[in-house]
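# Reading the structure
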2 protein chains.
Amino acid sequence: MDKKQHLLDTALKLFVEFGFHGTPTAKIAKEAGLSSGTLFYFFSTKDELVTSLYVDIKGKMTAAIMADIEGETSIKRLIEGYFKTPLFWALNNPIEFSFTVQFSNSPYLNQLAAKEIDSHIKPFLTILKRGVKEGVLKKIDPELIFALVRGHTFSIHQYLIEHPASLKKQSQIIETAFSIIWDMIAV
Amino acid sequence: MDKKQHLLDTALKLFVEFGFHGTPTAKIAKEAGLSSGTLFYFFSTKDELVTSLYVDIKGKMTAAIMADIEGETSIKRLIEGYFKTPLFWALNNPIEFSFTVQFSNSPYLNQLAAKEIDSHIKPFLTILKRGVKEGVLKKIDPELIFALVRGHTFSIHQYLIEHPASLKKQSQIIETAFSIIWDMIAV
DNA sequence: TATCTTTGTGACTGTTTAGTCAGTCACTAA
DNA sequence: TTAGTGACTGACTAAACAGTCACAAAGATA
């Protein structure tokens, strides 16, 4: 499985640099020091490679979030985890995060089972619903709150990659960004 | 130039439905009732067609914003125009707006001269800078405010297309969304 | 050692695609 | 009547590409 992971790593790098369609499978294999056939030994189609990569990365990000919010019960801390962890994770894994952004805005997303997508959204949505019900969050449709938080994350990430700064400064921006979004949705 | 516009319209429809790479030039020409050669008579490459379409649509959107804020001087009203007009415009031109979103997140964006992109961003940024300087807006990097407004627009648009509602309800959401973002950035 | 399975090769193929080009045709104007 | 123009055609080409396949090594198992 060493080679398989190596193919995933190489594909990731090339996809982010040249895009999905700008990266032929032959190039991925060659760059990974393997033959074209080997790629199709591990992944039956190119699409499968792309979606595998997404599932893989998304899984790692989710794991990071889960580790961060483990044991937490307060709505604020939970939302904080869901908001801040991906951004901090993105600082350490910029290529991976870029890939997920690119993927989310591509037609590939539709190839993914709705179930897979849902499994990442649902837990967070449940927390938001509870927050609204308990009066911690404003009486706004939880799905709208979800969209707001998501969009905010997207904004901050965009800003961070366009304006490189020290890790300390970046951390500060993320912290400030959370206060902003929290004030926006909390009662 | 009738045929050229017709090609642009057809391409727009197909690109939004099938994506850039999922739409062969031959299909665009056929769907437009023209021959393959005609497409290349008007647009020297496929890329030129795609970017033309973007410039075209972006121009129309900018015109709508300009019409809305004409004569305005108050920072709040200007920002309101920059935020609300694209969203209302998107309600009436969903396909066009979807196209710009898709385009903005694709590698095609890099093909566009930085100048072209800048020309849309700069005027708004200037207003934000003035707002910060005059103490109307919070002391946050105007570029960050820009990112926040942009992300907020993106969020609301996403929510609106995922949750169809009456025009009245949609308008209400946009109005509310503006109060939210205004409270977020204003002193 | 013999046999089976996994891992790997790289030349090959069938298809799809952007882009070309020689030529048609309706029209204009000298 | 003739010459010229420019929109428009569609069969064609050259390249690129995803995916296949017959064939090996390398490793495991017996």
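Residues numbered from 1 in each chain as written. Chains lettered and ligands numbered in written order. Predicted model: local features only at pLDDT ≥ 70, side-chain atom pairs only at ≥ 80, totals over all residues. Heavy atoms only, no water.

## Considering the interface of chain B and chain A
On the chain A side, the residues contacting the 19 residues of chain B number 18 residues. Both sides together, the interface formed by chain B and chain A hides about 1,900 Å², and carbon and sulfur atoms give 71% of it. Inspection of the chain B/chain A interface yields 0 salt bridges. Linking chain B with chain A are 6 residue pairs in polar contact (both at pLDDT 80 or more). Counting residues per element, the ones that place at least two in the side of chain B that touches chain A are helix H8 (142-162) and helix H9 (167-185) of chain B. With 10 residues, the single largest contributor to the side of chain B that touches chain A is H8(B). For the side of chain B that touches chain A, the residue count by class is 11 nonpolar, 6 polar and 2 charged. (Contact = heavy atoms within 4.5 Å. Buried area = accessible area lost by both parts, 1.4 Å probe. Salt bridge = Lys/Arg side-chain N within 4 Å of Asp/Glu carboxyl O. Polar contact = N/O pair within 3.5 Å; in protein donor to acceptor, adjacent residues only side chain to side chain. Helix = DSSP H or I, 4+ residues; strand = E, 2+ residues; numbered from the N terminus. Nonpolar A, V, L, I, M, F, W, Y, C, P; charged D, E, K, R; others polar.)

## Quick look at the protein's contact with DNA strand D
Residues in close proximity to DNA strand D include A:Pro24, A:Thr25, A:Phe40, A:Thr45, A:Lys46, B:Lys3, B:Leu34, B:Ser35, B:Gly37, B:Thr38, B:Tyr41 and B:Phe42, which together make up its full environment. Within 4 Å of the protein, the contacting atoms of DNA strand D are drawn from sugar and phosphate to the extent of 76%. Between DNA strand D and B:Ser35 there is a distance of 2.9 Å, counted from a phosphate oxygen to a backbone nitrogen or oxygen. One of the side-chain nitrogen or oxygen atoms of B:Thr38 is found 2.4 Å away from a phosphate oxygen of DNA strand D. Take the surface near DNA strand D: its biggest share by element is 4 residues, from helix H3 (residues 36-42) of chain B. Tallied by class, residues from the surface near DNA strand D come to 5 nonpolar, 5 polar and 2 charged. (Near = heavy atom within 4 Å.)

Read these as layout, nothing more, since geometry by itself doesn't imply function.
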